[in-house]
Amino acid sequence: MTRRETVEFEFVESVPETPEEGIVYISTRFATAIHKCCCGCGTEIVTPLSPAGWTLIFNGETISLYPSIGSWALPCRSHYWIRGNQVIWARRFSDREIAAARRGDQEAYESLYGDRAGEFPNLADKTAPRDKTRSGWLTRIRKWLSL
């Protein structure tokens with residue numbers, strides 16, 4: 001596995017069946033960005049764009065995603081930022097820090113969406129790998145993006 005230091009991006013209507021390493025695919029229609037984990041493990045990472053999820057910044061030349069991407073449910077447990085197409089590696093979080101971050105994510109979704117919070121991505125780990133066999137919102141987005 002080779003850690004990435006940079007990424008490229010593509011604005012797409014539909015995500016390719018087999019996304020390429022090093023490219024962040026952005027669908028504004030579905031408010032979602034998908035890329036393969038920057039550690040090189042090959043796992044597809046879904047980052048939903050929303051006030052309680054991620055914010056995408058496009059300045060005409062580069063992209064940034066805020067907040068950081070913590071792939072804590074993956075064996076690699078990667079943690080990084082994407083800023084101006086650069087991958088900025090962060091330290092690994094402890095189990096205690098991960099639990100605190102997940103609680104904060106849950107609270108943000110509940111504060112913003114109230115009773116509807118359960119309709120959104122698995123808040124226990126919002127950067128869970130894309131599971132092509134699971135029914136639910138990821139499958140629906142995948143189908144919509146493949147139209």
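Small disclaimer: the values here were computed from a predicted structure and weren't measured.

Asks: Would you mind showing me how to read the sheet that holds strand β3 (residues 32–36) here?
Replies: To summarise the sheet geometry, strands pair through backbone hydrogen bonds and adopt either a parallel or an antiparallel arrangement. Overall, mixed pairing links the 4 strands, which are arranged β1-β2-β3-β4 in an open sheet. Sheet topology places β1 (8–11) and β4 (44–48) at the edges, where each strand pairs with a single neighbour. Going from strand to strand, the sheet's axes swing by 20° on average, the running direction of each strand aside. Bridging between β3 and β4 involves 5 bridges; their strand directions are antiparallel.

Asks: Any chance you could explain the pattern of salt bridges here in plain terms?
Replies: If you walk through the whole model with that rule in mind, you get 1 salt bridge. Ionic pairing is found between arginine 29 and glutamate 13, a salt bridge with its closest N-O pair at 2.9 Å. Here arginine 29, found in the loop between β2 (23–27) and β3, pairs with glutamate 13, found in the loop between β1 and β2; they are 16 residues apart in sequence, far enough to count as distant. The partly exposed category is assigned to glutamate 13, whose relative accessible area is 46%.

What counts, and where the lines are drawn
Residues numbered from 1 in each chain as written. Predicted model: local features only at pLDDT ≥ 70, side-chain atom pairs only at ≥ 80, totals over all residues. Heavy atoms only, no water. Pairing = 2+ DSSP bridges. Helix = DSSP H or I, 4+ residues; strand = E, 2+ residues; numbered from the N terminus. Axes fitted to C-alpha atoms, helices over the stretch in contact; angles between N-to-C directions. Salt bridge = Lys/Arg side-chain N within 4 Å of Asp/Glu carboxyl O. Buried < 20%, exposed > 50% of the residue type's maximum accessible area, 1.4 Å probe, protein only.

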